[in-house]
Amino acid sequence: MDRSPVRRASEAFEGERSTLGAIRVRSGRGAGSHLLEVPGAFVFIGLDPNSSFLAGSGVRLDERGFVVTGGGLIRDGRRPAALAPRDPGPWETSVPGVFAVGDLRSGSTKQVASAAGEGASAALSIREHLADAERRAQIRSIAPPAGARTRAARPIDVAV
Ligand SMILES: Cc1cc2nc3c(=O)[nH]c(=O)nc-3n(C[C@H](O)[C@H](O)[C@H](O)COP(=O)(O)OP(=O)(O)OC[C@H]3O[C@@H](n4cnc5c(N)ncnc54)[C@H](O)[C@@H]3O)c2cc1C
């Protein structure tokens, strides 16, 4: 039996009485086809990301429509403007506060265990993001309006 793990050029399944006997495989450019006798086959049906709803959102997609995250967002040493000057986190997209994990993510392993692990890790990143947003909002709420004169003789220390 041919043990080649993946055949991308299969043309037809052949057999008798609902039993697979062989696969007709393209032999090469213009070289016709040949029969490969096999007792069974797994069909890889492909994978198309359902990411069209992100059009116009600013979330960067790769050429196949998968969501780009983390280090994949850094091009020629440049980070996405909305995230600079810091590096994006591993599940972070080009839009702050939007995270992507699992099969939809560009470069993911397309395995269920990784999808679940990335999801758990992203939940922690989201918690950090929300805590950070809350800290920033608190700082803004106690900062004097631009140009206002304060009566403090020295800068006020703020613990964050
Ligand atoms: C036939 C098959 C066999 C597989 N076998 C294995 C295996 O043996 N081992 C393995 O590790 N992995 C296997 N996988 C891969 C595994 O299933 C995936 O890696 C995993 O399910 C990815 O999880 P996910 O949460 O990222 O995506 P999904 O499980 O695809 O979940 C995405 C969910 O989002 C929903 N959704 C999509 N678009 C929207 C939208 N616009 N709004 C709201 N909801 C939306 C979908 O309906 C779906 O419920 C297999 C996959 C297939 C198809």
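Located above this text is the structure these notes cover.
Residues numbered from 1 in each chain as written. Predicted model: local features only at pLDDT ≥ 70, side-chain atom pairs only at ≥ 80, totals over all residues.

Enquirer: Is there a simple way to explain the overall build of the protein chain in this structure?
Expert: Along the protein chain, the regular secondary structure elements total 1 helix and 3 strands. The N-to-C order of helical and strand elements in the protein chain reads β-β-β-α. Each of the 160 residues in the protein chain was classed as buried or not, and the buried ones make up 11%. For the protein chain, contacts bridging at least 24 residues in sequence account for 33% of all contacts bridging at least 6. (Helix = DSSP H or I, 4+ residues; strand = E, 2+ residues; numbered from the N terminus. Buried ≥ 20, exposed ≤ 12 C-beta atoms within 10 Å, placed from the backbone. Contact = placed C-beta atoms within 7 Å.)

Enquirer: How should I be thinking about the sheet that holds strand β1 (residues 10–16) in this particular structure?
Expert: Adjacent strands of a sheet pair through backbone hydrogen bonds, lying either parallel or antiparallel. Strand order in the open sheet made by the 3 strands is β1-β2-β3, with antiparallel pairing throughout. What marks the edges here is a single partner per strand, and that holds for β1 and β3 (33–37). Shown here is a sheet whose adjacent strand axes are inclined to one another by a mean of 30 degrees, direction ignored. Both β1 and strand β2 (residues 19–26) contribute to a ladder of 6 bridges, which runs antiparallel. (Pairing = 2+ DSSP bridges. Axes fitted to C-alpha atoms, helices over the stretch in contact; angles between N-to-C directions.)

Enquirer: Even after reading the chapter, I still don't get the site of the ligand, so can you show me in this structure?
Expert: The local shell around the ligand consists of N50, F53, G102, D103, L104, K110, Q111, V112, A113 and A115. Split into classes, the residues belonging to the shell around the ligand amount to 5 nonpolar, 3 polar and 2 charged. (Near = placed C-beta within 6 Å. Nonpolar A, V, L, I, M, F, W, Y, C, P; charged D, E, K, R; others polar.)

Enquirer: Can you walk me through the nonpolar core in this structure?
Expert: A general tendency of soluble globular proteins is for nonpolar side chains to be buried together. Counting residues in each nonpolar core, the largest one holds 9 residues, listed as L61, F66, V67, V68, W91, F99, A100, V101 and A122. In this structure, V67 is in contact with S51, V59, L61, T93, A100, L104, R105 and S106, ignoring residues within four places of it in sequence. (Core = buried A, V, L, I, M, F, W, Y, C linked by C-beta atoms within 7 Å.)

Enquirer: In this structure, what is going on with unusual backbone geometry? I would like to understand it.
Expert: Cis rather than trans, the peptide bond between A84 and P85 has omega equal to 10 degrees. We note that S18 has phi near 65 degrees; this positive angle belongs to a residue other than glycine. Looking at the element boundaries, S18 is found in the loop between β1 and β2. Despite not being glycine, K110 has its phi angle at roughly 60 degrees, a positive value. Following the sequence through the fold, K110 ends up in the loop between β3 and α1 (112–142).

Enquirer: Hey, could you run me through α1 in this one?
Expert: End to end, α1 covers 46 Å across 31 residues, agreeing with the expected 45 Å (1.5 Å per residue, within 8%). When you tally the buried positions in α1, you get 2 out of 31 residues, a small fraction of the element. (Expected span 1.5 Å × (residues − 1).)

Enquirer: What should I look at first to understand the pairing of β3 in this one?
Expert: The two faces of a sheet get side chains in turn, since along a regular strand they alternate between them. Of all 5 residues in β3, 0 are buried, a share of ten percent or less. Here β2 runs beside β3; their pairing, made up of 5 bridges, is antiparallel. When the sheet's bridge partners are listed, V25 is paired in β3 with H34. Between β2 and β3, which pair antiparallel and follow one another directly, the connecting turn spans 6 residues, one of which, G28, has a positive phi of 155 degrees.

Enquirer: I keep staring at the environment of G107 and nothing clicks. Help me out?
Expert: Tracing the backbone through its elements, the reader meets G107 in the loop between β3 and α1. According to the C-beta neighbour criterion, G107 is partly exposed, with 13 such atoms within 10 Å. Counting along the chain gives 39 residues from G107 to V68, while the straight-line C-alpha distance between them is 8.1 Å.

Enquirer: Just to check I follow, could you spell out the pairing of β1 for this structure?
Expert: Where burial is concerned, little of β1 is hidden: 0 out of the 7 residues are buried. The hairpin formed by β1 and β2 contains 2 residues between the paired strands, and R17 there has a positive phi angle of roughly 45 degrees.

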